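Here is how the chains run, residue by residue.
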Amino acid sequence: MYNKHKLKKVISLINQNKNTSFNGTGLIVYENLSSLPVEPLIHDTLIESDITDDSAIVKKLLLVSKKNCIYHDGFHLLNKNINLTHLSYYFSTPINKTFKPKLEKGSRYRTAFYGSLLDDVLCTVIIGSSYEPIFFIKGKELSLDEF
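Residues numbered from 1 in each chain as written. Predicted model: local features only at pLDDT ≥ 70, side-chain atom pairs only at ≥ 80, totals over all residues. Heavy atoms only, no water.

1. Thoughts on helix α1 (residues 4-17)
So, step 1. With 14 residues, α1 should reach 20 Å at 1.5 Å per residue; the first-to-last C-alpha distance of 20 Å fits that figure.
So, step 2. Along α1, the residues classified as buried are K6, L7, V10, I11, S12, I14 and N15. (Helix = DSSP H or I, 4+ residues; strand = E, 2+ residues; numbered from the N terminus. Expected span 1.5 Å × (residues − 1). Buried < 20%, exposed > 50% of the residue type's maximum accessible area, 1.4 Å probe, protein only.)

See the structure below:
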């Protein structure tokens, strides 16, 4: 299990503090990193050790999610304690033939949807510049209020 209260707090703070430079973000809450189909998009290590403090996580994610930041692309990784462990990862999710996402949604949405179906993914979250946070748990879409 993971810390849902802390995750909801972090997502709420990001959503409340995003501004016009916010480009959106995708998050993966994971159980076992080694089994995930991810690889870094950047060579720099922006996190020397896990970021555990809620406000520090929010600050870092808002900083790297700006339109002019080279690190905004990809998904950012949180462990089950909702500590920020990795930034800017490519998340290559397999397409599930049984469960299908909404057709009118884009790539980040589909990646988060399909990624949430993976065994070691506890939850995925996307936050857009023009839409509210969306949580996915095993393919089920939830709003911030429903989470």
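Now that the structure is up, let's keep going.
2. What to know about the environment of P37
So, step 1. Its location among the elements puts P37 in the loop between β1 (25-30) and β2 (38-40).
So, step 2. On the basis of relative accessible area, P37 is assigned to the partly exposed category, the value being 28%.
So, step 3. Distance in space between the C-alpha atoms of P37 and I126 is 18 Å, their sequence separation being 89 residues.
So, step 4. Non-local contacts of P37, meaning those with residues more than four positions away in its chain, are made with Y90, F91, S92 and L118. (Contact = heavy atoms within 4.5 Å.)

3. Some points on unusual backbone geometry
So, step 1. Even without a glycine there, the phi angle at I82 is positive, about 60°.
So, step 2. Considering the arrangement of structural elements, one finds I82 in the loop between β3 (75-79) and β4 (84-91).
So, step 3. If you check the backbone angles, K138 has positive phi at about 50° while not being a glycine.
So, step 4. Locating K138 in the fold gives a position in the loop between β6 (134-137) and β7 (140-143).

4. Brief notes about the pairing of β3
So, step 1. Of all five residues in β3, five are buried; the element is thus mostly enclosed.
So, step 2. Here β3 shows no split at all, with F75, L77 and N79 on one side and H76 and L78 on the other all buried.
So, step 3. Two strands pair when backbone bridges link them, and β1 and β3 are joined in this way by five bridges, in the parallel orientation. Bridged to Y30 within β3 is N79.
So, step 4. Pairing analysis gives three bridges linking β3 to β4, with the strands arranged antiparallel. In the strand pairing of β4, L77 is matched with H86.
So, step 5. Following β3, the chain reverses through four residues before pairing antiparallel with β4; I82 in that reversal takes a positive phi of roughly 60°. (Pairing = 2+ DSSP bridges.)

5. What about the packing of α1 against helix α2 (residues 54-64)?
So, step 1. Running from N to C, α1 and α2 cross one another at 45°; their axes reach a closest spacing of 9 Å. Put simply, α1 runs oblique to α2. As α1 packs across α2, the resulting crossing turns out to be right-handed. Contacts between α1 and α2 involve K6, K9, V10, L13, I14 and N17 on the former and, on the latter, D54, I57, V58, L61 and L62.
So, step 2. Its residues placed into classes, the contact of α1 with α2 shows seven nonpolar, one polar and three charged. (Axes fitted to C-alpha atoms, helices over the stretch in contact; angles between N-to-C directions. Parallel < 35°, antiparallel > 145°, perpendicular 65-115°, else oblique. Left-handed = near helix turned anticlockwise from the far one by under 90°. Nonpolar A, V, L, I, M, F, W, Y, C, P; charged D, E, K, R; others polar.)

6. Some thoughts on the nonpolar core
Across soluble globular proteins, nonpolar side chains have a tendency to be buried as a group.
So, step 1. L7 and F135 are the most contacted members of the largest nonpolar core, which has 30 residues in total.
So, step 2. Mapped onto this core, the elements with two or more residues apiece are α1, β1, α2, β4 and β5 (121-127).
So, step 3. Looking at this core, the element that brings in the most residues is α2, giving five residues.
So, step 4. Not counting residues within four places of it along the chain, the set of residues in contact with F135 comprises L7, I11, C123, T124, V125, K140, E141, L142, S143, L144 and F147. (Core = buried A, V, L, I, M, F, W, Y, C linked by side-chain atoms within 4.5 Å.)

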